[in-house]
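Residues per chain, in single letters:
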Amino acid sequence: MANNDDDNDNTTMKDGTFHFSIDRGGTFTDVHCVLPSGAELVTKLLSEDPDNYPDAPTEGIRRILDEHDSNHKYPRNEKVSTRRIGSIRMGTTVATNALLERKGERMALFITKGFKDLLEIGNQSRDHIFDLTCQAPGLLYQTVVEIDERVMLGTFSDEGKSPSQLDTTPQPIMDPYTTDTGTVPAAVVAAKGPRSVGLTGETVISLRVPQEHLVKEALKQLAADGYKSLAICFCHSYTFSDHEELVGKWAQELACFTEIAMSSRVMPMVKMVPRGHTACAAAYLTPKITTYLDSFRRGFDTNLSQVQLTFMKSDGGLTPVDDFGGHQAILSGPAGGVIGYAKTAFRPSAEGGTPMPVIGFDMGGTSTDVSRYDGHLEHVFETVTAGVAIQAPQLDINTVAAGGGSRLFLRNGMFVVGPESAGAHPGPVCYRKSGHLAVTDANVVLGRVLPEYFPSIFGPNEDEPLDLEGARDAFAKLCAMEEASGRSAEELAYGFLQVANEAMCRPIRNLTQMKGFDITTHKLACFGGAGPQHACAMAKALGMSKVFVHRYGGVLSAYGLSMADAVHEEQEPTAELYSYGTTPQEGDHNKALLLDDPSAKSREERLDHLTNVACDALVKQGYSKDEIIVEKYLNMRYQGTDNSIMVMEPGSHDVDILAGEDKSDNTATTYGEAFSAHYQREFGFELEGRDVVIDDYRVRAVVRGDTPTACKPVASLGSPPAIGTTRAFFETGWEEVSVFRMEKLQPGHEIPGPAIIVQSISTIVLEVGCTGYVTADGDLEIDVEITTIDGEEEIGSNKEVVIKEDPVKLSIFGHRFMGIAEQMGRTLQRTAISVNMKERLDFSCALFTADGGLVANAPHIPVHLGAMQSAVRFQVEHWNSGGREGIREGEVLVSNHPQLAGGSHLPDITVITPVFHEGKVIFFVASRGHHADIGGIAPGSMPPHSMRLEDEGAMIVAFKLVRDGKFQEEGITEILMEPGKRPGNSGTRNLRDNLSDLRAQVAANNSGIRLLHQLVNEHGLATVDAYMKFIQKNAEVAVRGMLKEFATTHGSKVHAIDYMDDGSPIALTITIDKITGGAVFDFTGTGPQVLGNHNAPPAVTYSAVIYSLRSLVGQDIPLNQGCLAPIEFVIPKFCLLNPSVDAGVVGGNVLTSQRVVDVVLLAFQACAASQGCMNNLTFGDDRFGYYETIAGGAGAGPTWEGRSGVHTHCTNTRITDPEILERRYPVLLRQFALRPNSGGAGKHRGGDGVVREIEPLRPLVMSILSERRTLHPYGMAGGDEGACGRNLLIKKEGIIVNVGGRCSTSLDVGERLRIETPGGGGYGTSENC
C-alpha cells in the first residue's frame, strides 16, 4: 500500500469515515482511499484470486479498514462492517467482460416483423477481410420473436397531399404476406393508417398495431422457457414509441421479466441496428451487473444501505447504483483513468502558460486504452464493442489489444506481440502459474521490473515474488528459432518490447494525426500498472518531449473516480431544420419567413424541458441546484449526410475545464456558427448550399467533482540519493542504473536517466536521454530528449548504404507502413463528401515503391488490392516513356481505364501522387474510390445491360489532376462531362461530388506523403526503402511457404473451373514448383469476352488472386506485392478476364471478381463457394439516385460453418440502416432478413443469403446487377450447393415476375422488388446432404 499525507486538500472528506474509489479491471483491482484524516492511500490486488477471496473490491476495502481502523477488526471470513465507510465509487469491467465472453443474462428480443435477423446482419460488413471463416461474436439474444407491428414515416407518401387525400383508415388484421409459397396475400398497404406526430416532429403512419393476445401468448411462452430478460426494438420507435410502450406494459403485467429494455427508452436515437443492439446490451448486461452488485453488497453487514454507492458510466460521469445500466458500463473502468489524467496532467506548468494537450496512455494487463484531452471531454455516440454496436454517450477511448499480458511469438520471420493475452490466470510466465511468455516477462528479464520491489502476490499461495529465472528460461527457448537471428534472451526480450511499443504508438498516431493535431505538441500521460515502463520509449518514438506520471499512476483510474463529476443526461431525437442552405426562391413565402431560425421556439422549449428533468434527477440524489452546471447540445448535420456533430451551446460552461474556463468556441455566437467551425476543423471543408438539420437535443447536468489546484513552483534539490543500483537493458545495452523509491523523492528532486523509479504498485523506467522532475504534488514530469536519424547525408553521398534485415525492425516497419495507409484512409473518409466514400467506405489507400510495387494496402476493399499496383505502374511507365514530360514534383496523376491503365471499372477512380526527396521520386501513394456517378447510359454508372466501355462513363487513361500544385478543375471537368457528347449517354450527373471527392483523395495522398517524410526523417531513406523491400520479401516467403506446403500435401498441379450464369467458363490450372514455391496461374480455357459488361480486366484478376493467397496463408502477414511475386499469370488475350479495350467491364469488377476467387479457392480445396455476387442495386428518378450492394451467404470450410448475411471476398461495403433508408428515400423496406435454408447442407452448413424487399412510395427506376441466379454456389467435400439467388418483381395484383440477374425496370407505387441473395455452399457430408 502507498500512503501520502501531503496530497491535495481533501477537507471535504474529513468526516471521520473512509471514502473508497475502486477500479475493478480485468487483471488487477485498484483501490484509492481517503482516510478519515484526509490523507490518501492506494493499493492493488488481483481481480480474480478465488483461493484467497471471493471478491476483489470487497477484499481491498477490508484490508484498508483492517489496517487503518485501529478501533475495530475486519476478519477475512466475516461481512465487512460499514460503520466507518462514508462512500464507495466504482468503475468496473463486469459488463465489459460479460460482453466479451458472452456471459450475460439469457435474453429474448422482440422486433418488428420482417426484421427478425436485422441485428445479426448488422451493417453486413466483416471485421477481418482475409478471414475465410468470417467469424463474428455470438448474438446477445438466444431467441427472437417478430411482432406483427409496423409504422412508417409520412415524409414521402404524404408529400404534396392535402389532409382529405390521406387514407387514415386503420388496416384490417391479416396474415403476414409472403412470396415463398408462390402466392402473395394482400400486404399491408403503404401509407394507409392513422397519422400522428412523432417525438421528432415527423409524421408517423401506423400501418399495423401489435395485437395483445398474440403478444401475451409469445411472452408467456418465453416465460415458460425460462427467459427473464427482454429487449424490444421496433422500427422508428426513436420517434414513435407507442408500440414499444404497449408491449413493454404487457410484459410488466405478466410479472415474469426482471429486465425489460425498450430501445426507445434506452437510447432514443435514429438507426435501428445500433439502437436494437444497445437495447439488447441493456437487457443482457444489466442483470449481470445487478447480480454482481447484490453479491458485492452482501459482503457488508448492512448491504451498504447507508453508504453512498455510485458507479462510473462510460461518459465519464458518476451515477447512483440504481440508475447504472449495462449499456452505460462498457467503458466504466477506462473512463476513470481519463478523468484522472484530465484533472491532473492538463494543468499550466509551475511557470504558468497554456496547458499542453494530453494523450492518455492507460496500459493494463490485457489491453491499452488511448485517449486525448485538450480541456474538453470528447464523447462519441456510436461504437462497436465485441461485435455489438452501442448507441450511448461514451468517452472517445481507443483500445488496442496490447498490454502487459500480451503474448509474444516469433512467426514468419517477424516478432509478433498479441493480440492473444495471457490474462490474469495463468498470466505471464513470471506469475508462477505455468503461464505464457508475455510483455511483462520481457520487462522482468530486462531489469525494468524488479522482483525484489514488486509485491509478492504470486504463486499458489500469493506470497512469492515474480519469477525472473522462469521468464529468462522461456526466452532462452526461443533463441534457437530462425527468427531469433542469433539474439540472446535479453536481446529477444528487448526486440519484443520495441514491437510492443510500436503497436501501442499506432493508435496514438491515429488519434492525433488523423484529426489534424501535431503529436509533438502533446504531453504523454501514462498510467496503468505497465504504462510507466513503456512511456519514455514511446514518447521518443512519437517525438513527444514531455511525459507525465502521476504519483498514483498505477491506480489512476481509481484516483480519477475520486475526482469524478456527478452527471445526469437527457436526450431526445428530433428532425427539425436548423437553417436553410439556399436563399428561398421567389414566392416561397413560408420558407422566407423561417429562414433566420426555423427551430428557435421548439428548440428553446425542448432544451428547457430536458434541463428541468436532468436537474431534478441530480437534486433527488441530494445535490443542491446551485451546484449544478448545465450543458446544452444539438446533434447537427448537413442534409443528406450521416456525419452528425454534437455541438455545445456557445457560451455555455464546459464543466470539464479545471478552472471553470469557458472552452466553447469564443468566436461562435450561435449553434450554426459553432457547427460550421467544428465541421471545418474536422473535415477540412463546409458543404455550401446544404440545409443544416438537428437530429437530437441533449442536456448534460453536472455537479463538479474535486479538482487539484494549479501546480506550484518548486526549488531544485538536485539528484536524490539512490536506494541501490541494478542492471537494466536499454537501447545502449546493459547499463548499471540507480534505483529510487517514489515515496522517498521530494518535490524539486531531479533524476537523470537511465534510471528505475519504484512505486509500490508500478515501476517507472527513465530511458537514456530522459530526466525526471518531482513536482510540488509529488508527481513526475519527464523531459524527453528527441533525436532523429538524418538521412540527408546518406542520400547525398555516393557511398552505397547496405542495410541488413532485422526481424524486430521488420515488425516495427510493418506497423508503420500499415499505419500510414490506414491514416490515409481515415483522411479520405473524413474529407470525402459522397455517401459511397464517407459512409459506405468504398475506397482503398496504399503505399508503393518508386517502381510502383505495392508495399502496404490498408484492408479496405479487397477488389482494389492488386489492381492499384497495376494502375501505379502504368502511370510510371506512361509518363516516363514515349518522349513524354515525366512526373514532376507538385503533380498528381489520375486514371480509371480498366483495360489500358490498370483500373477495375470506371467508377473506381485512382489518384496517384509521387513522393519526392531532393528532386527524385522515392515512393508513390495512391487512393482509389468508387464515385457514385461518372456518366454513361444509366444513373449511378452501373448499367445492367451495357455492352461497351464507353456506355459506362468517363474514361481516363492518364491525366495530371494537379500541376504545379494547382488542381486542374477545368480539365478534369471536361473529361467527366465527355460521355455526354455520345448519343444516349450523359456526362457525370454529380460533378460537384466528383470534384470534392477527388480533392479528398488528393488530401489523403498528401497525408501519406507527410507521414512518409516523417518516417524518412526518423530512420533515413536507405533504411525506409530497404524495409519496404524487406516487407515485400517477407510476404513473398510466406506465400511461397504456403504453396510448397500445399504442393507437398495435394500435388504440384491442380485444376478448377466454374461458370458465370451465362455459361462462360472461368478455368484455372495451377502448377507449383515444390522447390521454389513459385506457381503458374494459367487461365487458359476461360471463355471469350462477352457482349455484355461482366468482362474483367486483368487487374481485377490480380486483385482476386492476391486476396485469395493472403487468405490462404491464414496468418497475419503484410499485404503487398510480395504476395504475387511467386506467381506467373497466363491470361489469354480477349478472354473474359483479358477483354479488348472497348469491352464493357462494369459487372466484371463486382461479379466476375467473385467468381475468380471461387475458382482459386476451389483449386486449393479451401472452402465451399460463397454467394459469388455483390447484388448491386440502384434506384432513383430525376430527383435522386441510390446505390447499395447486398450481403449473402459465406461458404463453409473444414472447421467452420458459413456465416449468414455477410459480404464476402472482394467486397466489404456497408449497407444503410433501415430507418435512415426510409427517412431519406421514397421507399418502404418491407423485409430485410436471412433467407432460411439457402445455405448448403453438410457437416458444416453454408451461410444463408438474405431477403431484401423494397417498395417505392413514388414511381422509381430500379436496377439490379447480380450473379448466381442460374448456377449454384458449389459445395465441397460432399457438402451441398448453396441456393441460387432470385430477383422478383411483385406486382400490385400479386403476380410474381422473375426479372433475372440483370434488369432495369420502372416500379409503381404498390409494387415491390424482392431480392433473395444466394447462400454459401456446405462442406463435408452429413445425413442431411
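Quick caveat, the model's predicted, so the values are computed rather than measured.

With that settled, consider the nonpolar core. Ranked by internal contacts, the top residues of the largest apolar core, which has 162 residues, are Phe20, Ile88, Phe475, Ile782 and Phe1179. By residue number, the principal contributor to this core is helix α7 (residues 272-298), which donates 13 residues. Excluding anything up to four places from it in sequence, Phe1179 contacts Phe1184, Gly1185, Tyr1186, Leu1221, Tyr1225, Val1227, Ile1254, Leu1260, Val1261 and Met1262. Membership of the second largest hydrophobic core comes to 80 residues, among which are Phe130, Leu865, Ile1066 and Val1146.

Moving on: the sheet that holds strand β33 (residues 755-758). Across the sheet, which stays open at both edges, the four strands sit in the order β30-β31-β33-β34 with mixed pairing between neighbours. The open sheet has two edge strands with one neighbour each: β30 (724-730) and β34 (763-766). For this sheet, the mean inter-axis angle between neighbouring strands, taken without regard to orientation, is 30°. Two strands pair when backbone bridges link them, and β30 and strand β31 (residues 733-741) are joined in this way by seven bridges, in the antiparallel orientation. Looking at the pairing, Phe729 lines up with Trp734 of β31.

The N-to-C vectors of helix α18 (residues 807-831) and helix α22 (residues 991-1019) enclose an angle of 155°; their axes lie 8 Å apart at closest approach. The angle between the axes of α18 and α22 places the two elements in the roughly antiparallel class. The interaxial crossing formed by α18 with α22 has right-handed handedness. Touching Phe813, Arg816, Phe817, Ile820, Gln823, Met824, Thr827, Leu828 and Thr831 of α18 are Ala1000, Gln1001, Ala1003, Ala1004, Asn1005, Ser1007, Gly1008, Leu1011, Leu1012, Leu1015, Glu1018 and His1019, all from α22.

Should the charged atoms of two oppositely charged side chains come close, the side chains can pair. Summed over the entire model, instances satisfying the criterion amount to 76 salt bridges. Glu40 is the salt-bridge partner of Arg551, the closest N and O atoms lying 3.9 Å from each other. Within this pair, whereas Arg551 is found in the loop between β25 (546-549) and α13 (556-563), its partner Glu40 is found in strand β4 (residues 40-46), the two being separated by 511 residues in sequence. In this structure Arg551 comes out as buried when scored by relative accessible area, which is 9%.

This part covers unusual backbone geometry. Peptide bonds are trans in most cases, and residues, glycine excluded, mostly fall at negative phi. Cis peptide bonds are those with omega within 30 degrees of zero, and the linkage from Gly753 to Pro754 qualifies with 5°. Of note, Pro754 is situated in the loop between β32 (750-752) and β33. We note that Asn1237 has phi near 65°; this positive angle belongs to a residue other than glycine. Structurally, Asn1237 can be placed in the loop between β50 (1227-1234) and β51 (1250-1256).

Attention shifts here to the environment of Glu570. One can find Glu570 in strand β26 (residues 565-579). Discounting chain neighbours no more than four positions away, the residues touching Glu570 are Leu610, Val613, Ala614, Tyr697, Arg698 and Val699. A polar contact of 2.8 Å, which involves the side chain of Glu570, links it to the side chain of His568.

Further remarks concern the packing of aromatic side chains. Scanning all chains against the criterion turns up 23 aromatic pairs. Where Phe18 meets Phe20, the ring centres are 6.3 Å apart and the plane angle is 10°; that geometry is what we call stacked. Of the residues examined, Phe20 reaches a relative accessible area of 1% and is grouped as buried. Residues Tyr1186 and Tyr1225 carry aromatic rings whose centres are separated by 4.8 Å and whose planes lie at 55° to one another, so their mutual orientation is tilted. Highlighted residues: Tyr1186 in strand β49 (residues 1184-1189) and Tyr1225 in the loop between α26 (1218-1224) and β50, separated in sequence by 39 residues. Assessed through its relative accessible area of 6%, Tyr1186 is described here as buried. The class for Tyr1225 is buried, based on a relative accessible area of 14%. When the ring centre of Tyr227 is taken as reference, the NZ or CZ atom of Arg106 above it lies at 4.0 Å. Of note, Arg698 hangs over the ring of Tyr633, and the distance from its end group to the ring centre comes to 4.4 Å.

What follows concerns helix α1 (residues 56-68). The end-to-end C-alpha distance of α1 is 18 Å, a good match for the 18 Å that 13 residues give at a rise of 1.5 Å each. Within α1, the full set of buried residues consists of Ala56, Pro57, Thr58, Glu59, Gly60, Ile61, Arg62, Ile64 and Leu65.

It is worth spelling out the packing of helix α11 (residues 489-513) against α18 at this point. Where α11 contacts α18, the axes come no closer than 9 Å and their chain directions differ by 10°. One finds that α11 runs roughly parallel with respect to α18. Contacts between α11 and α18 pair Gly495, Gln498, Val499, Glu502, Ala503, Arg506, Arg509, Asn510 and Gln513 from the former with Val808, Ser811, Ile812, His815, Arg816, Met818, Gly819, Glu822, Gln823 and Arg826 from the latter. Taken together, the residues of the contact of α11 with α18 sort by class into five nonpolar, eight polar and six charged.

A separate point is the side chain of Arg690. By the element assignment, Arg690 lies in the loop between α16 (671-683) and β29 (692-703). Judged by relative accessible area, Arg690 falls into the buried class, the value being 16%. A polar contact of 3.1 Å, which involves the side chain of Arg690, links it to the backbone oxygen of Gln639. If sequence neighbours within four positions are ignored, Arg690 has contacts with Tyr580, Gly581, Tyr638, Gln639, Gly640, Thr641, Ile833, Arg992 and Asp993.

What follows deals with the environment of Lys1044. Summarising the element assignment, Lys1044 is placed in helix α23 (residues 1021-1050). Note on Lys1044: relative accessible area 31%, which makes it partly exposed. Taking the C-alpha atoms as reference points, Lys1044 and Arg1203, 159 residues apart in sequence, are found 30 Å from one another. Aside from chain neighbours lying at most four places away, what touches Lys1044 is Asp1073, Lys1074, Ile1075, Thr1076 and Gly1077.

Our focus in this paragraph is the pairing of β33. Residue alternation in β33 divides its side chains into two sets, Ala755 and Ile757 and Ile756 and Val758, and both sets are buried. Judged from the four bridges that link them, β31 and β33 form a sheet pairing that is parallel. Looking at the pairing, Val739 lines up with Ile756 of β33. Two strands pair when backbone bridges link them, and β33 and β34 are joined in this way by four bridges, in the antiparallel orientation. Bridge pairing in β34 links Ile757 to Ile764. Here β33 folds back onto β34, and the loop between the two strands holds four residues.

Turning our eyes to something else, we now look at the sheet that holds strand β52 (residues 1260-1265). Pairing is antiparallel across the open sheet formed by four strands, whose spatial order is β49-β48-β52-β55. One side of each edge strand has no neighbouring strand; the edge strands of this open sheet are β49 and β55 (1302-1307). Each strand axis lies, on average, 15° off the axis of its neighbour in the sheet, ignoring direction. Here strand β48 (residues 1176-1181) pairs with β52 via five bridges, running antiparallel. Along β52, the bridge assignment pairs Phe1179 with Met1262.

This part is about α22. The end-to-end C-alpha separation of α22 is 42 Å, in line with the 42 Å expected for 29 residues at 1.5 Å each. Two residues or fewer after α22 comes Gly1020, characterised by a positive phi angle close to 90°.

This part covers the confidence of the model for the protein. Residues with a pLDDT of 70 or more make up 93% of the protein, whose mean pLDDT is 87. Scored below 50 in pLDDT, residues 5-12 makes 14 contacts in the model with residues more than four places away or belonging to other chains. Of the regions scoring below 50 in pLDDT, residues 584-595 engages in eight contacts with residues more than four places distant in sequence or in other chains.

Our next topic: the state of the cysteines. Enumeration according to the criterion identifies zero disulfides in this entry. The thiol of Cys233 is unpaired, and the distance to the nearest cysteine sulfur, on Cys280, comes to 7.6 Å. The structure places no disulfide on Cys1210, whose sulfur is separated from the nearest cysteine sulfur, that of Cys1173, by 12 Å. Residue Cys1210 is classed as buried on the basis of its relative accessible area, which comes to 0%.

Rules behind the numbers
Residues numbered from 1 in each chain as written. Predicted model: local features only at pLDDT ≥ 70, side-chain atom pairs only at ≥ 80, totals over all residues. Heavy atoms only, no water. Core = buried A, V, L, I, M, F, W, Y, C linked by side-chain atoms within 4.5 Å. Buried < 20%, exposed > 50% of the residue type's maximum accessible area, 1.4 Å probe, protein only. Helix = DSSP H or I, 4+ residues; strand = E, 2+ residues; numbered from the N terminus. Contact = heavy atoms within 4.5 Å. Pairing = 2+ DSSP bridges. Axes fitted to C-alpha atoms, helices over the stretch in contact; angles between N-to-C directions. Parallel < 35°, antiparallel > 145°, perpendicular 65-115°, else oblique. Left-handed = near helix turned anticlockwise from the far one by under 90°. Salt bridge = Lys/Arg side-chain N within 4 Å of Asp/Glu carboxyl O. Polar contact = N/O pair within 3.5 Å; in protein donor to acceptor, adjacent residues only side chain to side chain. Phe/Tyr/Trp six-rings, centres within 6.5 Å; stacked < 30°, edge-to-face > 60°. Lys NZ or Arg CZ within 6 Å of the ring centre and 35° of its normal. Expected span 1.5 Å × (residues − 1). Nonpolar A, V, L, I, M, F, W, Y, C, P; charged D, E, K, R; others polar. pLDDT = per-residue confidence, 0-100. Disulfide = S-S within 2.5 Å.

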